[in-house]
Amino acid sequence: MTTFRKSAVAVLLACASAALLAAPAPWFTWRSKADGKQVCHQTPLGPGWEKVNGPYRDSHCMKLLIAK
């Protein structure tokens, strides 16, 4: 096996290993500063929103994620 193939196999294995360890992003409850409306979202919605609760495991913000 050539050095290039060995390197390619090593890179492929490293990428596959990282993918196996990846986890979905947590969900949070966000509140609008303008009208107080609350939504469940994974990422900040902008400067007009503040994080209220979380992290949650589900998109309905009902199952709290227990920290390890």
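Under an unreviewed UniProt entry, the name given to the protein is Secreted protein, and the source organism is Massilia genomosp. 1.

Asker: How would you summarise the packing of aromatic side chains if you had to cite specific residues and measurements?
Answerer: The geometry of an aromatic ring pair is captured by the separation of the ring centres together with the interplanar angle, meaning the angle of the planes. Here the structure, examined in full by the defined rule, presents one aromatic pair. Plain terms: the ring middles of F28 and W30 are 6.4 Å apart, the flat faces sit at 70 degrees to each other, and that makes the pair edge-to-face. The pair formed by F28 and W30 is uniform in burial state, with each residue classed as buried.

Asker: So what's going on with the pattern of salt bridges? Which residues, and what values?
Answerer: Close approach of charged atoms lets side chains of opposite charge pair. Taken as a whole, this structure holds one salt bridge when the rule is applied. For R31, the salt bridge is made with E50, and the minimal N-O distance between the two is 3.3 Å. Note that R31 is positioned in strand β1 (residues 27–32) and E50 in strand β3 (residues 49–56), a separation of 19 residues in sequence.

Asker: Would you mind going over the state of the cysteines in detail, with residue names and values included?
Answerer: Counted under the stated rule, the structure contains one disulfide. Across a sulfur-sulfur distance of 1.8 Å, C40 and C61 are joined as a disulfide pair. The sign of the S-S torsion, about 80 degrees, decides the handedness of the disulfide formed by C40 and C61: right-handed. Taken together, the residues span a long stretch of sequence, with C40 in strand β2 (residues 38–41) and C61 in the segment after β3 at a distance of 21 residues. Exposure remark for C61: the relative accessible area of 13% places this residue in the buried category.

Asker: If you had to explain the environment of A34 to someone new, which residues and values would you point to?
Answerer: Relative to the elements of secondary structure, A34 occurs in the loop between β1 and β2. Counting along the chain gives 15 residues from A34 to W49, while the straight-line C-alpha distance between them is 8.3 Å.

Asker: Provide a residue-level description of the side chain of T29, including the pertinent values.
Answerer: When you line up the elements, T29 lands in strand β1. With sequence-adjacent residues up to four places away left out, T29 is seen in contact with Q38, V39, E50, K51, V52, N53, Y56 and C61.

Asker: Can you lay out the pairing of β1 for me, pointing to particular residues and giving the numbers?
Answerer: Taken together, the five bridges between β1 and β3 define a ladder with antiparallel strand orientation. Paired with T29 across the two strands is N53, which belongs to β3. Of the strand pairs in this sheet, β1 and β2 are connected by four bridges, and their pairing is antiparallel. Bridge pairing in β2 places R31 opposite Q38. The antiparallel hairpin formed by β1 and β2 contains five residues in its connecting segment, where G36 sits at a positive phi of about 80 degrees.

What counts and what doesn't
- Residues numbered from 1 in each chain as written.
- Predicted model: local features only at pLDDT ≥ 70, side-chain atom pairs only at ≥ 80, totals over all residues.
- Heavy atoms only, no water.
- Phe/Tyr/Trp six-rings, centres within 6.5 Å; stacked < 30°, edge-to-face > 60°.
- Buried < 20%, exposed > 50% of the residue type's maximum accessible area, 1.4 Å probe, protein only.
- Salt bridge = Lys/Arg side-chain N within 4 Å of Asp/Glu carboxyl O.
- Helix = DSSP H or I, 4+ residues; strand = E, 2+ residues; numbered from the N terminus.
- Disulfide = S-S within 2.5 Å.
- Contact = heavy atoms within 4.5 Å.
- Pairing = 2+ DSSP bridges.

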